[in-house]
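Observations on chain architecture
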Amino acid sequence: LQEGPFALMYNTFVHKQRVRVVLRYVNGIRGIVTGYLVAFDKHFNLILRDVEEVYSKRAERGFEQSNAEMELRRRRTNLYR
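Throughout, a residue's number is its position along its own chain's written sequence, starting from 1. In keeping with the predicted nature of the model, local features appear solely for residues at pLDDT of at least 70, side-chain atom pairs appear and are counted solely at 80 or more, and the whole-chain, interface and lining totals rest on all residues. Derived side-chain values reflect all non-hydrogen atoms in the structure, with water molecules and hydrogen atoms excluded from consideration.

1. Comments concerning the pattern of salt bridges
Operational definition: Whenever a carboxyl oxygen of Asp or Glu lies within 4 Å of a side-chain nitrogen of Lys or Arg, that contact is scored as a salt bridge. Counting from the N terminus, the helices are DSSP H or I runs at least four residues long and the strands are E runs at least two residues long.
For the structure shown, the criterion picks out 2 salt bridges. Here R18 and E52 are joined by a salt bridge, their closest N and O atoms 3.6 Å apart. With a gap of 34 residues between them, R18 in strand β1 (residues 18-24) and E52 in strand β3 (residues 46-55) connect regions that are remote in the sequence. One salt bridge connects D50 with R49, and the closest N-O pair in it is separated by 2.9 Å.

In structure tokens, the structure reads:
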């Protein structure tokens, strides 16, 4: 486990760092969960603890902004708080 995605997951697990997981629809972002990694497998199924969940509303038809754009805007505003 020297490099690659599994090495990153393993190091995150060993060092007890929080992870941020982006939940997706087919064409956009559904939400974000942030928590501590307890376990994972080769299919990238994750078990997290102390999780914070943030969900975004799905963009309505005719609305100009996609969920991805809404999420980027939300992240930018949270960075500067």
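2. Thoughts on the sheet that holds strand β2 (residues 29-40)
Condition: Strand pairing is assigned whenever DSSP detects at least two bridges linking the two strands. Structural elements are reduced to axes, namely lines fitted to C-alpha atoms, with helices fitted over the stretch in contact, and the angle between N-to-C directions of any two is expressed from 0 to 180 degrees. The contact criterion used throughout is that any non-hydrogen atoms of two residues lie within 4.5 Å.
In space, the 3 strands of this open sheet follow the order β1-β2-β3, with antiparallel pairing throughout. Each edge of the open sheet carries a strand with a single partner, namely β1 and β3. Neighbour-to-neighbour, the strand axes of the sheet open up by a mean angle of 30°, direction not taken into account. Across 7 bridges, the pairing between β1 and β2 is antiparallel. Looking at β2, one finds that R24 is bridged to I29. Across the sheet, helix α1 (residues 5-14) is in contact with β1, β2 and β3; its angle to β2 comes to roughly 70°.

3. So, the side chain of T12
With respect to the helices and strands, the residue T12 is situated in helix α1. Setting aside anything within four residues of it in sequence, one finds T12 in contact with Q17 and V19.

4. A word on the packing of aromatic side chains
For clarity, the cut-off: Pairing of aromatic rings covers Phe, Tyr and Trp, the last through its six-membered ring, and needs centres within 6.5 Å; plane angles under 30 degrees mean stacked, over 60 mean edge-to-face, and all others mean tilted. Exposed residues in this analysis have more than 50% of their type's maximum accessible area, buried residues have under 20%, and partly exposed residues fall in between, with area computed by a 1.4 Å probe over protein chains only.
Scanning the model with the defined rule gives 2 aromatic pairs in all. Ring geometry for F6 versus F40: centroids 6.3 Å apart, planes at 25°, classification stacked. Of this pair, F6 sits in helix α1 while F40 sits in strand β2, and the two are 34 residues apart along the sequence. Given a relative accessible area of 30%, F6 falls into the partly exposed group. Residue class for F40 comes out partly exposed when judged on its relative accessible area of 25%. Measuring from centroid to centroid gives 4.8 Å for F6 and F44, while their planes differ by 20°, and the two rings are stacked. On the criterion of sequence distance, the pair formed by F6 in helix α1 and F44 in the loop between β2 and β3 is long-range, its members being 38 residues apart. Taking relative accessible area as the criterion, F44 reaches 38% and is therefore assigned partly exposed. The structure contains a cluster of three or more aromatic residues connected by ring pairs, namely F6, F40 and F44.

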